[in-house]
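Structural features, examined
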Amino acid sequence: MKLGHLRRAQSWYATARNAADDSGNTELRARVRAQAAMLPYHYGPIEAAVALSREARILCRNRPTPTAAFASAAEARALAKLGHAEGAEAALRQATEIFERSHARADTGNDAFAFPERRFLLYMSGTLTALRRTAEARRVQESALALYPEKTGIDPFLLHFEAALCLAHEHSTEEACQLAAATFLRTDPAHRTPIVEERAREVVEVLPPRVRGSRVARELREILALPPGQM
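Parameters at a glance
Residues numbered from 1 in each chain as written. Predicted model: local features only at pLDDT ≥ 70, side-chain atom pairs only at ≥ 80, totals over all residues. Heavy atoms only, no water. Phe/Tyr/Trp six-rings, centres within 6.5 Å; stacked < 30°, edge-to-face > 60°. Helix = DSSP H or I, 4+ residues; strand = E, 2+ residues; numbered from the N terminus. Buried < 20%, exposed > 50% of the residue type's maximum accessible area, 1.4 Å probe, protein only. Lys NZ or Arg CZ within 6 Å of the ring centre and 35° of its normal. Lys, Arg positive; Asp, Glu negative; His and termini not counted. Salt bridge = Lys/Arg side-chain N within 4 Å of Asp/Glu carboxyl O. Polar contact = N/O pair within 3.5 Å; in protein donor to acceptor, adjacent residues only side chain to side chain. Disulfide = S-S within 2.5 Å. Expected span 1.5 Å × (residues − 1). Contact = heavy atoms within 4.5 Å. Axes fitted to C-alpha atoms, helices over the stretch in contact; angles between N-to-C directions. Parallel < 35°, antiparallel > 145°, perpendicular 65-115°, else oblique. Left-handed = near helix turned anticlockwise from the far one by under 90°. Nonpolar A, V, L, I, M, F, W, Y, C, P; charged D, E, K, R; others polar.

1. Brief notes about the packing of aromatic side chains
By the definition in use, this model includes six aromatic pairs. A ring pair is formed by Phe 70 and Phe 115, whose centres lie 5.1 Å apart and whose planes are at 20 degrees; its orientation type is stacked. Separated by 45 residues along the polypeptide, Phe 70 in helix α5 (residues 66-82) and Phe 115 in the loop between α6 (85-101) and α7 (117-130) bring together distant segments of the chain. On the basis of an interplanar angle of 80 degrees and a centroid distance of 6.3 Å, the ring pair of Phe 115 and Phe 120 is categorised as edge-to-face. Across this residue pair, the class does not change: Phe 115 and Phe 120 are buried. Every member of this aromatic cluster is reached through a ring pair, and the members are Phe 70, Phe 99, Phe 115, Phe 120 and Tyr 123. Here the basic side chain of Arg 77 rests over the ring of Tyr 41, its NZ or CZ set 3.8 Å away from the ring centre.

2. Digging into unusual backbone geometry
With an omega of -5 degrees, the peptide bond running from Gly 44 to Pro 45 counts as cis. For Arg 132, which is not a glycine, the phi torsion comes out positive at approximately 60 degrees. Secondary-structure assignment places Arg 132 in the loop between α7 and α8 (134-147). Residue class for Arg 132 comes out exposed when judged on its relative accessible area of 53%.

3. Observations regarding the side chain of Glu 162
For Glu 162, the location among the structural elements is in helix α9 (residues 155-169). At 4.6 Å, Arg 199 is the nearest oppositely charged side chain to Glu 162, a buried residue that forms no salt bridge. A polar atom in the side chain of Glu 162 sits 3.4 Å from the backbone nitrogen of Gly 126.

4. So, the state of the cysteines
A full pass over the atoms with the stated rule returns zero disulfides. Cys 166 takes part in no disulfide bond, and the closest cysteine sulfur, belonging to Cys 177, lies 14 Å away. The buried category is assigned to Cys 166, whose relative accessible area is 0%.

5. Here's the deal with α5
A rise of 1.5 Å per residue sets the reference length of α5, with its 17 residues, at 24 Å; its end C-alpha atoms lie 24 Å apart and thus fit the reference within 8%. Counting buried residues along α5, 14 of its 17 residues qualify, which places the element largely inside the surrounding structure. Phi turns positive one or two residues past the end of α5, at Gly 83, with a value near 90 degrees.

6. Section: the environment of Thr 134
Inspection of the secondary structure assignment puts Thr 134 in helix α8. When the C-alpha atoms of Thr 134 and Leu 39 are compared, they prove to be 25 Å apart, with 95 residues separating the residues in sequence. If sequence neighbours within four positions are ignored, Thr 134 has contacts with Cys 166, His 169 and Glu 170. Polar contacts involving the side chain of Thr 134 include one to the side chain of Glu 170, which spans 2.7 Å.

7. What to know about the packing of helix α11 (residues 194-205) against helix α12 (residues 215-225)
Look at α11 against α12: their axes get within 10 Å of each other, and the N-to-C directions meet at 160 degrees. As summarised for this structure, α11 and α12 are arranged roughly antiparallel, according to the angle between their axes. Where α11 crosses over α12, the two elements pack in a sense that is left-handed. In this structure, α11 contributes Ala 200, Arg 201, Val 203 and Val 204 to the contact, and α12 contributes Ala 217, Leu 220, Arg 221 and Leu 224. Partitioning the contact of α11 with α12 into residue classes produces six nonpolar, no polar and two charged.

8. Description of the pattern of salt bridges
Inspection of the entire model under this criterion finds 13 salt bridges. For Arg 133, the salt bridge identified is with Glu 136, shortest N-O distance 2.8 Å. Taking relative accessible area as the criterion, Glu 136 reaches 31% and is therefore assigned partly exposed. Residue Arg 199 pairs with Glu 202 through a salt bridge whose shortest N-O separation is 3.2 Å. You can see Arg 199 and its partner Glu 202 sitting in helix α11, three residues apart, about one turn around the helix. Overlapping salt bridges, with partners in common, bring together Asp 21, Arg 29, Arg 33 and Glu 55 in one network.

This is a description of form; function is not addressed.
This is the structure in structure tokens:
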């Protein structure tokens, strides 16, 4: 998924769902679906991300578990990206309530069957950014970044791109493009995957049409078009 090998990722997620369903373990069935929702969230169709995370939430039956919090947070983020504000806000409230009731805050060092606070805040940031609640999103991003150790994959970079999106929503074109460009250039080449590239391009796409041809927007597009060896 992170490398952009979509067909292979889809195949592995389908295998995981089949295996989980055969196991009869409800928690596992829900967890696999919440994880699988990441693929259509990043690459589309976003409706599939909503459907998978909703299935996971229903399987959890609102039990106060990390998986239940994860499922509701994933549904909120996907609904927000679709523009369904009311549903996204309801799902985010539910995710927050379940997260606070669960033991999800504990950081086990293994996110496969956990949902630590930094991950919850990452999903909340995505939801609030898509809903254009920029002041709240920025506070959540700062809190999340403080919980991520250095060299922790792409999540911190995704948070910085969402901060750039918030700036773009606030019509701070120069600051938005500069932050997106700096974040992209800081990203380790091994993590400069299609997910990261799409997040950087999204900053330009949300700008008003009249400023997409501005100097800073052009410079950001030029950076994204450079071969890896020239960055």
